[in-house]
Amino acid sequence: EHIIKNLSKNEKCYLYFDNVTAVSSVSDLANKVSKTTKTDIVNFTKTATSNEGVYQANDSMYGGVSYYWRGAVTNNYVKFGGYCWRIIRINGDGTMRLIYDGTTCHTNGTSTADSIVLNGTKYNSNYKNSEYVGWKYTSGMQRPSSITSGTDAPIKTALENWYNTNIGNNTTYSSKVADGKYCNDRSVEHWTTWDSLSSDTFYYSGYNRIVLGVPKLSCSSGDTYTMKVGLITSDEVNLAGGKGENNTSYYLYNGQNYWTMSPNSWFKSGSSNWAFMSLVDTNGRIAGTGTNSTEVGIRPVINLKSNAIISRGVGTRTNPYVV
């Protein structure tokens, strides 16, 4: 009901309403998005600095296709668990992948530490062997003998502690979080031996895909972790519009350094040995740094179940989807 007051008999009043289709759940949003995705061929060798919209990509990890947001989009804001998040993509199984944006929602191009939950967090205290890029690792092995064995990387422990304190210990919130699949792709492009103390410098496949502009959403079963919380991959950053070039316009830029879950390279020069992980740097660029860096923060990534109820909102910063 709208009541208009203080109008004389000869005055007119016009009301205009935005034509916005409300959504009631994550699956409802997925259905809506599937009908509006763009079919243009995307050039992933270039950054995305404008509002390019939503596209689809093959999603063999979840099955079917995934719908991902690219560039300086303004319709992928979600409020959940008392925090603001940005939608990275809707997975092939209908779950929705989110990345933390802070206690409030931020405009694209905003530099803020609020969108980092743990700053100065080492990926791993160790860096002189290449296995330290692992989410879980075993000394002297490319990968642990099974996906559940090995030692947890310090970043895994820190991230899960944050999740359990802020989301997992609240049954209202945790009941809406799906078991997500996260890639820690340790496949390499060239190497002479796995003895990392004597092998040449090599790059991991994720780094090579970013250079070539051929991101993908899957990795081997030995590198796929099923978890409640993880990190974004460099492939997902590339899909969103990031490259090895500055980009302060797309929705993943926050003016901070933050880790991805993607190994970058193994560097050996004389007596120097360094295991590098990929990160998004202060200029929005996909870069690499040592696993023991203390200048990188964490942006949690979670997946919401397809049946999670969206109570209101249209996905904008001022009127986000509320789960």
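The preceding data block contains the structure.
Here goes a summary of the coordinates provided. Since the model is a prediction, treat every value here as computed from it, not as a measurement. (Residues numbered from 1 in each chain as written. Predicted model: local features only at pLDDT ≥ 70, side-chain atom pairs only at ≥ 80, totals over all residues. Heavy atoms only, no water.)

1. Topic: the overall build of the protein chain
Here is step 1 of the chain: Secondary structure assignment for the protein chain yields five helices and 15 strands.
Here is step 2 of the chain: Its C-alpha radius of gyration of 21 Å places the protein chain within 12% of the 20 Å reference for a compact globule of 323 residues.
Here is step 3 of the chain: In the protein chain, which comprises 323 residues, the proportion classed as buried is 52%.
Here is step 4 of the chain: Counted over contacts in the protein chain with a minimum sequence separation of 6, partners at least 24 positions apart contribute 64%.
Here is step 5 of the chain: Taken as a whole, the protein chain presents about 14,200 Å² of accessible surface, with 46% of it coming from carbon and sulfur. (Helix = DSSP H or I, 4+ residues; strand = E, 2+ residues; numbered from the N terminus. Rg over C-alpha atoms; globule rule 2.2 N^0.38 Å. Buried < 20%, exposed > 50% of the residue type's maximum accessible area, 1.4 Å probe, protein only. Contact = heavy atoms within 4.5 Å. Areas by Shrake-Rupley, 256 points an atom, 1.4 Å probe, with all protein chains shown as cover.)

2. Quick word on the sheet that holds strand S9 (residues 202–203)
Here is step 1 of the chain: Taken together, the four strands give an open sheet; going across it, the order is S9-S11-S12-S13, and neighbouring strands pair in antiparallel fashion. In this open sheet, the two strands that pair with only one neighbour each are S9 and strand S13 (286–290).
Here is step 2 of the chain: Where strand S11 (residues 258–269) meets strand S12 (residues 272–280), eight bridges bridge the pair, whose relative direction is antiparallel. Residue Ser265 lies in a different strand from S12, and its bridge partner there is Phe276. (Pairing = 2+ DSSP bridges.)

3. A closer look at the side chain of Ser66
Here is step 1 of the chain: If you trace the backbone, Ser66 turns up in strand S2 (residues 65–71).
Here is step 2 of the chain: The exposure class of Ser66 is buried, given its relative accessible area of 0%.
Here is step 3 of the chain: Side-chain polar atoms of Ser66 contact the side chain of Arg89, separated by 3.3 Å. (Polar contact = N/O pair within 3.5 Å; in protein donor to acceptor, adjacent residues only side chain to side chain.)

4. A closer look at the pattern of salt bridges
Here is step 1 of the chain: Summed over all chains, the structure comprises 14 salt bridges.
Here is step 2 of the chain: Glu236 is the partner of Arg89 in a salt bridge, and the nearest nitrogen-oxygen pair spans 2.9 Å. Linking Arg89 in strand S4 (residues 83–90) with Glu236 in helix H5 (residues 234–240), this pair joins segments that are 147 residues apart in sequence.
Here is step 3 of the chain: The closest approach of N and O atoms between Arg209 and Asp185, which form a salt bridge, is 3.0 Å. Taken together, the residues Arg209 in helix H4 (residues 205–212) and Asp185 in the loop between strand S8 (180–183) and S9 connect sequence positions 24 residues apart. (Salt bridge = Lys/Arg side-chain N within 4 Å of Asp/Glu carboxyl O.)

5. A closer look at the pairing of S12
Here is step 1 of the chain: Between S11 and S12, which follow one another and run antiparallel, lie two residues, and Gly270 among them has a positive phi close to 65°.
Here is step 2 of the chain: Two strands pair when backbone bridges link them, and S12 and S13 are joined in this way by five bridges, in the antiparallel orientation. Its bridge partner being in S13, Phe276 is matched across the sheet by Gly290.
Here is step 3 of the chain: Between S12 and S13, which pair antiparallel in sequence order, lie five residues; one of them, Gly284, sits at a positive phi of approximately 75°.

6. Side note on the state of the cysteines
Here is step 1 of the chain: Summed over all chains, the structure comprises two disulfides.
Here is step 2 of the chain: With a sulfur-sulfur separation of 2.1 Å, Cys84 is cross-linked through a disulfide to Cys105. Here the disulfide of Cys84 and Cys105 is right-handed, its torsion about the S-S bond being about 100°. Taken together, the residues Cys84 in strand S4 and Cys105 in the loop between strand S5 (96–102) and strand S6 (136–137) connect sequence positions 21 residues apart. As far as burial versus exposure is concerned, Cys84 and Cys105 are alike and both buried.
Here is step 3 of the chain: Disulfide partner of Cys183: Cys219, at an S-S distance of 2.3 Å. Judged by the sign of its S-S torsion, about -105°, the bond between Cys183 and Cys219 is left-handed. Of this pair, Cys183 sits in strand S8 while Cys219 sits in the loop between H4 and strand S10 (224–227), and the two are 36 residues apart along the sequence.
Here is step 4 of the chain: Look at the protein chain and number its bonded cysteines as they come in the sequence; the links are 1-2, 3-4. (Disulfide = S-S within 2.5 Å.)

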